[in-house]
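Secondary and tertiary structure notes
Here are the chains, one letter per residue:
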Amino acid sequence: MINIKTKTYAILPLFLLVFLAFPLHLRAAEVYFAPAGRRFERVGDILRLEVRVSSNETLNAFELTIFYPPEKLKLLKINEKKSLINLWVKKPSAWPKEGKIFFTGGKIGGFKGDGLLAEIIFQPKEPGKARLTFSQESLILRHDGLGTPEPTSFLASEFNLK
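Calculation criteria
Residues numbered from 1 in each chain as written. Predicted model: local features only at pLDDT ≥ 70, side-chain atom pairs only at ≥ 80, totals over all residues. Heavy atoms only, no water. Helix = DSSP H or I, 4+ residues; strand = E, 2+ residues; numbered from the N terminus. Buried < 20%, exposed > 50% of the residue type's maximum accessible area, 1.4 Å probe, protein only. Contact = heavy atoms within 4.5 Å. Areas by Shrake-Rupley, 256 points an atom, 1.4 Å probe, with all protein chains shown as cover. Core = buried A, V, L, I, M, F, W, Y, C linked by side-chain atoms within 4.5 Å. Salt bridge = Lys/Arg side-chain N within 4 Å of Asp/Glu carboxyl O. pLDDT = per-residue confidence, 0-100. Phe/Tyr/Trp six-rings, centres within 6.5 Å; stacked < 30°, edge-to-face > 60°. Lys NZ or Arg CZ within 6 Å of the ring centre and 35° of its normal.

Moving on: the overall build of the protein. Secondary structure summary: the protein contains one helix and 10 strands in total. Along the protein, helices (α) and strands (β) appear in the sequence α-β-β-β-β-β-β-β-β-β-β when read from the amino end. Classification of the 162 residues of the protein by burial places 39% in the buried group. Restricting the contact set of the protein to residue pairs at least 6 apart, pairs at least 24 apart contribute 75%. When the accessible surface of the protein is totalled, it reaches about 9800 Å², and 59% of it is carbon and sulfur.

In C-alpha cells, the structure reads:
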C-alpha cells in the first residue's frame, strides 16, 4: 500500500515542472520576419519583409541586429515610418558588405501585442537559399521601470531564391 506521503513526493516534481515551465513559455516574446520564409522568390523581384514583435508583456525598448547574405540579397531600403518605435536612439542602419542591419529605439508608454518594428526591402541577386537571422546580442526590454530583459525568441527565416 502506497501512503499519501509517497504519492506527494512522486507528484510534486511533475507539478513543479509543469507549473514553472508553462508560464515562462506563455510570457516569452517573439521577434520574427513576416511573411515567413516558406516562399520561393525570383531573382530580380522585390522581397518585402516586416520585422515584427509579439508579446504578452508590455515592452518599451528594442535593440536588434539582423544578418542577411549580401551575396544573395541586395538591400534596397529599410523603412521605419510605420514602426511602433516612436523614440529612435539609432534609426535602422545597414552595412551592405557585411550583410548587417542594426537599430535601437523605444516605445513611449510601452507596447503589448503584435506590431511592426521595421520593413526591410531586398532584391534577390542569385538563386539559392537566403537565411536571415538575429544576433545573439539582440535585446528586448520590458516596460517595468527597471529595464528588465524580456525572454525573447528571435526567429530566423530562410527563403528559396530561384
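Once that is clear, we can look at the nonpolar core. Side chains of a nonpolar character, in soluble globular proteins, are inclined to be buried together. Formed by 30 residues in total, the largest nonpolar core has its most connected members in Val51, Leu117 and Phe122. Mapped by element, the contributors of at least two residues to this core are β1 (29-34), β3 (47-67), β4 (73-79), β6 (100-124), β7 (128-134) and β10 (157-161). Apart from the residues lying within four places of it in its own chain, the contact partners of leucine 117 are Val31, Val51, Arg52, Val53, Phe62, Leu64, Ser83, Leu84, Ile85, Trp88 and Phe103.

Turning our eyes to something else, we now look at the pattern of salt bridges. Tallied over the full model, the rule gives seven salt bridges. A salt bridge links aspartate 114 to arginine 52, with the shortest nitrogen-to-oxygen separation between them at 2.9 Å. Within this pair, whereas aspartate 114 is found in strand β6, its partner arginine 52 is found in strand β3, the two being separated by 62 residues in sequence. Residues glutamate 80 and lysine 91 are paired through a salt bridge, measuring 3.5 Å at the closest nitrogen-oxygen approach. Separated by 11 residues along the polypeptide, glutamate 80 in the loop between β4 and β5 (87-95) and lysine 91 in strand β5 bring together distant segments of the chain. When its relative accessible area of 46% is taken as the criterion, lysine 91 is described as partly exposed.

When pLDDT is averaged along the protein, the result is 86, and 81% of the positions lie at 70 or above. Between residues 11-26, whose pLDDT stays under 50, and residues either more than four places distant or in other chains, the model counts two contacts.

Here we take up the packing of aromatic side chains. Counted under the stated rule, the structure contains four aromatic pairs. When the ring of tyrosine 68 is compared with that of phenylalanine 122, the centres are 4.9 Å apart and the planes differ by 55 degrees; the resulting orientation is tilted. Note that tyrosine 68 is positioned in the loop between β3 and β4 and phenylalanine 122 in strand β6, a separation of 54 residues in sequence. Taking relative accessible area as the criterion, phenylalanine 122 reaches 0% and is therefore assigned buried. Each member of the aromatic cluster is reached from another via a ring pair, and the members are Phe33, Phe134 and Phe154. In this arrangement the basic side chain of lysine 100 is found over the ring face of tryptophan 95, its NZ or CZ atom lying 5.3 Å from the centre.

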